[in-house]
Amino acid sequence: MNVASTTFTAIDFESAGAQPGKTDVPVQIGMATMHGRDLDGGSLFCSYLRADQPITWSARKVHGIRDEDIQDAPTFTALWPTVKMALADRVVVAHGSGTEKRFLRAFPFHGFGPWVDTLKVAHAAWPDAPSHSLEKLIIMSELKPEVDALCPDRRWHDALYDAVASLVLLRHIIVYCELGQHDIAALIEPDRSPYFANRAAR
């Protein structure tokens, strides 16, 4: 399967924050889908998630989500059919995928994947970039207006905004590094050589 014919779905979670003796839990989920290089505006999905523990001050300072925002939200379990439908048979995308994989392990044997971690892909594309954070890469690549247009009235550390930003960044790298006709393995396990070979040939 080549990159141009792949359907990608990005997922991002915001969390309640780590507390002593407790496992961190998600309080917001965002998802978006891209077919090849065409981001599907109708696929954008975002929801708060009701949690069984309060949001820490440090987490609230990052994402701005308050306990009162999630008190009437659905639980992650209640939303599972929606998540499963969005991610099944897709290449799943996240920027630094550890948190997303960890929260999805609440549902063992879900079988989602393969995964494309845009953090790893960005390291391969721009190994000397001063920062590989999603925000810095989007700004460096002058992509923020595009993300803002797709997610008006949202900001960084909103789950939908970050999921869309991951797809916009991925699309930019696919075009920049001429990866459309490469096998999807070039993104799943990024090797620097294809990127530099394409760029050197210009």
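Above this text sits the structure in question.
None of these values were measured; they are calculated from a predicted model. (Residues numbered from 1 in each chain as written. Predicted model: local features only at pLDDT ≥ 70, side-chain atom pairs only at ≥ 80, totals over all residues. Heavy atoms only, no water.)

**Here we look at the nonpolar core**
Let me state the cut-off plainly: Here, nonpolar core means buried Ala, Val, Leu, Ile, Met, Phe, Trp, Tyr and Cys residues that are tied together by side-chain atoms lying within 4.5 Å of each other. The cut-offs for exposure are 20% and 50% of the maximum accessible area for each residue type, with area from a 1.4 Å probe on protein chains only; residues under the lower value are buried, those over the upper are exposed, and the others partly exposed. Strands here are runs of E lasting at least two residues and helices are runs of H or I lasting at least four, both read from the DSSP assignment and numbered beginning at the N terminus.
Ranked by internal contacts, the top residues of the largest apolar core, which has 36 residues, are Phe8, Ile173 and Leu187. For this core, the elements supplying multiple residues, two or more each, are strand E1 (7–15), strand E2 (26–35), strand E4 (91–94), helix H5 (118–125), helix H6 (134–140) and helix H8 (159–176). Core analysis: the second largest hydrophobic core is formed by 18 residues, Ile11, Ala94, Phe112 and Trp115 among them.

**Considerations on the pattern of salt bridges**
Put simply, the test is: In what follows, salt bridge is the name for a side-chain nitrogen of Lys or Arg lying within 4 Å of a carboxyl oxygen of Asp or Glu.
Using the criterion set out here, one finds 5 salt bridges in the structure. The partner of Asp148 in a salt bridge is Lys144, and the shortest N-O contact between them spans 3.0 Å. Of this pair, Asp148 and Lys144 both sit in helix H7 (residues 144–150), 4 residues apart, which is roughly one turn of that helix. With a relative accessible area of 28%, Asp148 lands in the partly exposed category. The exposure class assigned to Lys144 is partly exposed, which follows from its relative accessible area of 30%. Between Glu146 and Arg171 there is a salt bridge whose closest N-O contact spans 2.1 Å. Placement of Glu146 in helix H7 and of Arg171 in helix H8 is noted, with a sequence separation of 25 residues between them.

**Thoughts on the environment of Arg102**
In this structure, Arg102 sits in helix H4 (residues 98–104). Placed 77 residues apart in sequence, Arg102 and Val25 show a C-alpha to C-alpha distance of 9.7 Å.

**Digging into the packing of aromatic side chains**
Given two aromatic rings, their pairing is described by the distance between the two centres and the angle made by the two planes. We count it as follows: Between 30 and 60 degrees the pair is tilted, below 30 it is stacked and above 60 it is edge-to-face, where a pair is any two Phe, Tyr or Trp rings, Trp via its six-membered ring, whose centres lie within 6.5 Å. When the NZ atom of lysine or the CZ atom of arginine is within 6 Å of a ring's centre and also within 35 degrees of its normal, the charge is said to sit over that ring.
For the structure on display, the rule yields 8 aromatic pairs. Each ring, one from Phe13 and one from Phe76, has its centre 5.4 Å from the other, and the planes form 70°; the classification is edge-to-face. Taken together, the residues span a long stretch of sequence, with Phe13 in strand E1 and Phe76 in helix H3 (residues 76–87) at a distance of 63 residues. Each ring, one from Trp126 and one from Tyr176, has its centre 5.7 Å from the other, and the planes form 40°; the classification is tilted. Of the two residues, Trp126 sits in the loop between H5 and H6 while Tyr176 sits in helix H8, which places them 50 residues apart along the sequence. You can call Trp126 buried: its relative accessible area is 11%. Judged by its relative accessible area of 27%, Tyr176 is partly exposed. Positioned over the ring face of Phe103 is Arg102, at 4.8 Å from the centre of the ring.

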